[in-house]
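Letter by letter, the chains look like this.
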Amino acid sequence: MNEQISADQINAAGHLMIGGCDAVDLAAQYGTPLVVYDVSQIRQQIRAFQRVFAKNQVDYTVSYASKAFAAVAMYQVVNQEGAHIDVVSGGEMYTALKAGFPLAHASFHGNNKSYDELVMAVKNHIGVVVVDNFHEIDLLNRVLEELDANVQVMLRITPGISAHTNKYIQTGQVDSKFGFDLESGQADQALEKVQASPRMTMIGLHAHIGSQIFEVAGFEGVANKLVAVADHWQKQFGYRARVINVGGGFGIRYVKDDQPLRPEEFVDAIIKAIKKAVAGTNLGQPAIWIEPGRSIAGPAGYNLYTVGSRKDLPGLKSYVTVDGGMGDNIRPALYQAQYETVLASDPQAPLKEHVRLAGKYCESGDILSQDQALPATKPGDILATLDTGAYGYAMASNYNRNPRPAVVFAENGHSQVVIKRESYDDLVHLDRPYEGK
Ligand SMILES: Cc1ncc(COP(=O)(O)O)c(C=O)c1O
Ligand SMILES: N[C@@H](CCCC[NH3+])C(=O)O
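Residues numbered from 1 in each chain as written. Chains lettered and ligands numbered in written order. Predicted model: local features only at pLDDT ≥ 70, side-chain atom pairs only at ≥ 80, totals over all residues. Heavy atoms only, no water.

- As annotated in an unreviewed UniProt entry, the protein carries the name Diaminopimelate decarboxylase and comes from Limosilactobacillus panis.
- Here is the UniProt Pathway (unreviewed entry) comment for the protein, exactly as written: "Amino-acid biosynthesis; L-lysine biosynthesis via DAP pathway; L-lysine from DL-2,6-diaminopimelate: step 1/1." (UniProt positions renumbered as here; feature names shortened; annotations may be inferred.)

As structure tokens, then:
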């Protein structure tokens, strides 16, 4: 019995439903590999975050970390729900602009924002630039002078908190490429530099300790640390922070051993920690901003595949191979990430065997799951990998010149392609014949 599939996700034919659509039909209609989002799940998670702030009566911003999954349609949905976004590149900004997303509701992150990206952000009236390093302060000052413009900024602080997660997705420890260090005094220097700029308005502090975090203590730690820094800045420099931005990182359930709190419960704990910490200061209650990516996009996403070849070896686990793999979901190969996969035509079918679920890429590491329990399968069956919505399509590649899959949004029984499947022509679109001597 797969606990990640609820009874109302199975239709009369016994098939998996996504956004009110039959997953087997979606695969037949749009082809595989296919990425499908249940749009109402995206909306529900954003609303759950908003409700927890309303309940605690604090000024807030829910800012979707769009690196988890960015597309014109996704920015539209986030905008409809009244959430903000964070962007980390010119490409994300451009996509948001194409979606009609007001960049005044966007924060611009990154540890090496380029001159051109800063120009784009400032010209399009970005809401906040989250300043990461000294080079950026100088570059941004230059851009603001040249454009005769002003901008709101936050400073990204490295809080010296190591999140308990894969080391490739930890970002809060002192030895990190992101943000201004506290201990060495860099954060204080950065505040003085930003305050000395007549064109920057400093609205608050930001920290992000990592991703796929299950322990609430890390988030309470970052909340306390940011309030302590804000208190120090008020006493030392007379600067009063209006915003405390604790980043994202709320862990989600991929497999049954994962037992995180619900994302909004992490946020409830953060709000309470900040309220308690500011009570001992003269800061007043700052606005609290969060930047969830995975928890909004992840559980809403499904990757559909068609089963192809199979390899059985005496005494060893069999390989069942699908028509996608590391090109549409690099996370198992990159972080040993685990997922659950079900048979779309019968997600609750009795399980018959444990297999290695392999991808089609020319790479031994292209294994979507090292140990997936499945019912009997045959070529042509449709498999659905669950909870793939964050950092799946977003990190997709054309490795082996495989076209990237289509992305479909499904909601209330309607489905629509929101990113077209790449064609072979798309793959050679940027190529130019070599005209050497
Ligand atoms: C600055 C910042 N904010 C938010 C996020 C989103 O994190 P998550 O997708 O784990 O919620 C990230 C990525 O880890 C990040 O770097
Ligand atoms: N790509 C990572 C998360 C990185 C978050 C970026 N700040 C993952 O799939 O878990």
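### Let's talk about the overall build of the protein
1) Next: If you tally the helices and strands in the protein, you get twelve helices and 20 strands.
2) Next: Scaling as 2.2 N^0.38, a compact globule of 437 residues should have a C-alpha radius of gyration of about 22 Å, and the protein matches this with 23 Å.
3) Next: Viewed in the frame of its principal axes, the protein has a C-alpha envelope of about 70 × 65 × 40 Å.
4) Next: Taken across its 437 residues, the protein has 56% of its residues classed as buried.
5) Next: Sequence-distant contacts, at least 24 apart, represent 69% of the contacts inside the protein between residues at least 6 apart.
6) Next: As presented, the protein carries roughly 19,100 Å² of accessible surface, and 49% of it is formed by carbon and sulfur atoms.
7) Next: Of the side chains in the protein, 39 bear a positive and 48 a negative charge, and the two mean positions are spaced by 1 Å. (Helix = DSSP H or I, 4+ residues; strand = E, 2+ residues; numbered from the N terminus. Rg over C-alpha atoms; globule rule 2.2 N^0.38 Å. Buried < 20%, exposed > 50% of the residue type's maximum accessible area, 1.4 Å probe, protein only. Contact = heavy atoms within 4.5 Å. Areas by Shrake-Rupley, 256 points an atom, 1.4 Å probe, with all protein chains shown as cover. Lys, Arg positive; Asp, Glu negative; His and termini not counted. Charge placed at Lys NZ, Arg CZ, Asp CG, Glu CD.)

### A short note on the pairing of strand S20 (residues 414–419)
1) Next: Bridge count for strand S19 (residues 406–411) against S20 is five bridges, and the pairing is antiparallel. Pairing of Val407 across the sheet is with Ile419, part of S20.
2) Next: Linking S19 back to S20 in an antiparallel pair, the connection comprises two residues, with Asn412 at a positive phi of about 50°. (Pairing = 2+ DSSP bridges.)

### Re the site of ligand 1
1) Next: The full set close to ligand 1 counts 15 residues, and His208, Ser211, Glu291, Arg294 and Tyr391 are the nearest of them.
2) Next: Contact distances for ligand 1 include 2.7 Å between an oxygen atom and a side-chain N or O atom of His208.
3) Next: Between ligand 1 and Tyr391, the relevant distance is 2.6 Å, taken from an oxygen atom to a side-chain nitrogen or oxygen of the residue.
4) Next: Computed on the free molecule, ligand 1 has an accessible area of 400 Å², of which 92% lies beneath the protein chains in the complex.
5) Next: Grouping the constituent residues of the shell around ligand 1 by class yields three nonpolar, seven polar and five charged. (Near = heavy atom within 4 Å. Polar contact = N/O pair within 3.5 Å; in protein donor to acceptor, adjacent residues only side chain to side chain. Nonpolar A, V, L, I, M, F, W, Y, C, P; charged D, E, K, R; others polar.)

### Here we look at the packing of aromatic side chains
1) Next: Within the structure shown, the criterion is met by 14 aromatic pairs.
2) Next: Taking the centre distance of 5.9 Å and the plane angle of 45° together, the rings of Phe49 and Phe250 count as tilted. Highlighted residues: Phe49 in helix H2 (residues 39–56) and Phe250 in the loop between strand S11 (243–245) and helix H9 (263–279), separated in sequence by 201 residues. The same class applies to Phe49 and to Phe250, which are both buried.
3) Next: Seen in terms of ring centroids, Phe219 and Phe266 are 5.4 Å apart; in terms of plane orientation they differ by 65°. Their pairing is edge-to-face. On the criterion of sequence distance, the pair formed by Phe219 in helix H8 (residues 216–237) and Phe266 in helix H9 is long-range, its members being 47 residues apart.
4) Next: Look at Phe219 and you get buried, because its relative accessible area is 0%.
5) Next: Aromatic ring contacts, followed pair by pair, group Tyr37, Phe69, Tyr393 and Phe409 into a single cluster.
6) Next: One residue, Lys113, lies across the ring of Phe108, its end atom 5.6 Å from the ring centre. (Phe/Tyr/Trp six-rings, centres within 6.5 Å; stacked < 30°, edge-to-face > 60°. Lys NZ or Arg CZ within 6 Å of the ring centre and 35° of its normal.)

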